[in-house]
Amino acid sequence: MRIGVVGLGLIGGSIFKNLREAKKHDLIGISGSVHEFNVSNDYGNLRECDLVFVCTPMNKTPEILQKLENYLTENTIVTDVCSLKEFVSVRTYKYKFIPSHPMAGTEHSGWEYAFPDMFEKAIWAVTPLKGTKQEDLNLLKSVIDELGAKTIQTTPKEHDEAVALISHAPMIIAQALCKNIKDNKLAQTLASSGFRDTTRLAMSNTEMANDMITMNETNIRNAIEMLNKNLNELLTPNYLNEAEEIKDFRTKLYE
């Protein structure tokens, strides 16, 4: 199979490095900054691809998806890796577009931080649009399986609501916790591994974070309102029972 990867940052670079290491496919990379074998900024090299991953920043992805219409045929399957799915699902293309999102990453960005095992045992959401053929979806899933991830199928709307709860709102909360101690030198001195781990998401790529906030604001606000409600319920004399239930839930969540 001939596979193209557009954008070789953390996610695209990890896809490229994984597939290159496996040596099962004819691999084409598109990047203006990465200089590797079979990597260039010539989109014409994608013409014969069976599958293309678009791994550019969210704010640039719609432009790239439209640009690909100049190079790809109606037989090519294209997926993106954006952490939001509704905004890329509003139009169709002459090729076969299947939106998706790997639930993987680190606080770093760029090709130099990409690694082949990025997606090992990760969840990869796919949100096929109306009219997507099962054989095309199966082909995409087969490559995701090769990358080490497990696919979960959902809708763009349900996906965006869920990631606000587990990713986007936690990022904002991590940033707010950092602001809490910005003017407290003693708190900064006492801060240790617990605070470091809790606020790791505050190190998220700022361009990506800004895209999340501007494109998913309503869902994030709903998630934070839910958090405020749960905080108030915890700050009561019934805290011990609530905390034990949450501890049990957290334990079972990652069993």
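Data block above holds the structure.
Residues numbered from 1 in each chain as written. Predicted model: local features only at pLDDT ≥ 70, side-chain atom pairs only at ≥ 80, totals over all residues. Heavy atoms only, no water.

Enquirer: Is there a simple way to think about the overall build of the chain in this case?
Expert: Along the backbone of the chain there are nine helices and nine strands. Whereas a compact globule of 255 residues would reach a radius of gyration of roughly 18 Å, the chain reaches 20 Å, a difference of no more than 12%. Buried positions account for 40% of the 255 residues belonging to the chain. When contacts within the chain are restricted to residue pairs at least 6 apart in sequence, those whose partners lie at least 24 apart make up 66%. If you sum the accessible surface of the chain, you get close to 14,600 Å²; carbon and sulfur atoms cover 52% of it. Separation of charge centres in the chain, based on 28 positive and 34 negative side chains, amounts to 2 Å. (Helix = DSSP H or I, 4+ residues; strand = E, 2+ residues; numbered from the N terminus. Rg over C-alpha atoms; globule rule 2.2 N^0.38 Å. Buried < 20%, exposed > 50% of the residue type's maximum accessible area, 1.4 Å probe, protein only. Contact = heavy atoms within 4.5 Å. Areas by Shrake-Rupley, 256 points an atom, 1.4 Å probe, with all protein chains shown as cover. Lys, Arg positive; Asp, Glu negative; His and termini not counted. Charge placed at Lys NZ, Arg CZ, Asp CG, Glu CD.)

Enquirer: So what exactly am I meant to see when it comes to the packing of helix α4 (residues 156-180) against helix α7 (residues 206-215) here?
Expert: The description of two packed helices rests on the angle between their axes and on the distance between the axes. Packing of α4 against α7 leaves a shortest axis separation of 11 Å and a crossing angle of 115°. The angle between the axes of α4 and α7 places the two elements in the roughly perpendicular class. For α4 against α7, the interelement crossing comes out left-handed. Contacts between α4 and α7 pair His168, Met171 and Ile172 from the former with Ala209, Met212 and Ile213 from the latter. Its residues assigned to classes, the contact of α4 with α7 shows five nonpolar, one polar and no charged. (Axes fitted to C-alpha atoms, helices over the stretch in contact; angles between N-to-C directions. Parallel < 35°, antiparallel > 145°, perpendicular 65-115°, else oblique. Left-handed = near helix turned anticlockwise from the far one by under 90°. Nonpolar A, V, L, I, M, F, W, Y, C, P; charged D, E, K, R; others polar.)

What is shown is where atoms sit, not what they do.
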